Every structure is written in structure tokens, then in C-alpha cells.
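# Descriptive structure summary
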Amino acid sequence: MTDNNLNPNGDTKREVKIIAYYATRLVLGIIFLIAGLNGFLVVFDIEPWIPTSSEAMELFQFSYLLVVEKALEVICGFLLMINRFVPLALAVLTPITANIFLFHNFVDPSLLILAVIMIIIQGYLLYHFKDTFKGLLESQ
């Protein structure tokens, strides 16, 4: 016998999934929006809010690469935050997240914990949209 006094409809599991989806989507969106904006400060030779490691700056010796990546981070972070085109934003951010994780795992472990958190959150969101991405994995 279950106690449904707290939730008369018995949809606790569904509510938890909805809250988890919104929370993870917002957290990932905020991370990418802030990181993207911080990167634009570096492009314009302004002191960034969050210091950027010298190892990371070596990878961005060609400024066009930094501009493109940070623009994608800002746009996709914003899309995640406003809950629009979320599967598209996730598809664009997946290789960026993978590179962030690999960079912090092998070159600069200073923010490895954040990279792991991003991988977990993005993995959860990709799983949430698994039906959307099924077509990409089917052979023609």
C-alpha cells in the first residue's frame, strides 16, 4: 500500500523526471553561456571573469577557432536555457563537450570535475531525447 497523500495523482516519478530535465537543461545552458561569454572577453583582450589556462590558450592560437566555438557555446547555451531546439543544441554541443572533457583529462586537469559533470548532464539530456536521435543511428 502506498501513501498518496503528498501527491494525489501518484505521478511522483513523472514529476521527478520533469524537474531533473529542467534542472539539467538549465545548468548545462548556464555553464555554456557563461563559458562562451568568458571566451569572448579573451578574444577582445579584456580580462575574463574566469581565468583561462595557458594550455587552453595555446589551442586557440588562431582566433577564428575561438570565436566559432564560443559563438556556438553562447547560442546553444541560450537555446538550452529558453528550451528551444534542445536536441539541435545538444547535437552541436556534444563534440565540444567531448573535447572539453578530453582536454581537461589529458592536458589541464584543473577543471576536470566540471568536465565530468558536463558529460554526465549532457549524457542525461541525450538519453532524455533518445527517441529524437534514434534515426541518426539507423542504417539506410
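It should be emphasised that the depicted structure is a prediction, and the values quoted were computed from it without experimental measurement. (Residues numbered from 1 in each chain as written. Predicted model: local features only at pLDDT ≥ 70, side-chain atom pairs only at ≥ 80, totals over all residues. Heavy atoms only, no water.)

Let us now look at unusual backbone geometry. Within the chain, Asn 83 stands out as a residue other than glycine whose phi angle is a positive 60°. For Asn 83, the location among the structural elements is in the loop between α3 (63-82) and α4 (86-106). On the accessibility criterion, Asn 83 (27% relative accessible area) is partly exposed. Here the phi dihedral of Phe 85 falls at roughly 50°; this positive angle occurs in a residue that is not glycine. Along the polypeptide, Phe 85 turns up in the loop between α3 and α4. (Helix = DSSP H or I, 4+ residues; strand = E, 2+ residues; numbered from the N terminus. Buried < 20%, exposed > 50% of the residue type's maximum accessible area, 1.4 Å probe, protein only.)

Let us look at the environment of Tyr 124. In this structure, Tyr 124 sits in helix α5 (residues 112-128). A sequence separation of 103 residues divides Tyr 124 from Tyr 21, and the C-alpha atoms of the two residues are 8.3 Å apart. Once residues within four sequence positions are removed from consideration, Tyr 124 is found in contact with Lys 17, Ala 20, Tyr 21 and Thr 24. (Contact = heavy atoms within 4.5 Å.)

Look at α4: 29 Å from first C-alpha to last across 21 residues, which is about the 30 Å you get at 1.5 Å a residue. Every buried residue of α4 is accounted for by Val 86, Ala 89, Leu 90, Leu 93, Ile 96, Thr 97, Ile 100, Phe 103 and His 104. (Expected span 1.5 Å × (residues − 1).)

Here the structure, examined in full by the defined rule, presents two salt bridges. Put simply, Lys 134 and Asp 131 hold a salt bridge, and the shortest N to O gap is 3.3 Å. Residue classification places Lys 134 among the partly exposed residues on the basis of a relative accessible area of 46%. (Salt bridge = Lys/Arg side-chain N within 4 Å of Asp/Glu carboxyl O.)

Our focus in this paragraph is the confidence of the model for the chain. With 88% of its residues at a pLDDT of 70 or more, the chain shows a mean pLDDT of 87. Taken element by element, the chain is modelled with least confidence in helix α2 (residues 54-59), mean pLDDT 69, and with most confidence in α5, mean pLDDT 97. Predicted confidence for residues 1-5 stays below pLDDT 50, and this span has one contact to residues more than four positions away or in other chains. (pLDDT = per-residue confidence, 0-100.)

The full count for this structure, using the stated rule, is two aromatic pairs. Their ring planes at 70° and their centres at 5.9 Å tell us that Tyr 21 and Phe 129 sit as a pair that is edge-to-face. Taken together, the residues Tyr 21 in helix α1 (residues 12-43) and Phe 129 in the loop between α5 and α6 (130-133) connect sequence positions 108 residues apart. Take Tyr 21 and Phe 129: they sit in the same class, and that class is buried. Across the ring face of Tyr 127, the terminal group of Lys 130 is positioned such that the distance to the ring centre comes to 4.3 Å. (Phe/Tyr/Trp six-rings, centres within 6.5 Å; stacked < 30°, edge-to-face > 60°. Lys NZ or Arg CZ within 6 Å of the ring centre and 35° of its normal.)

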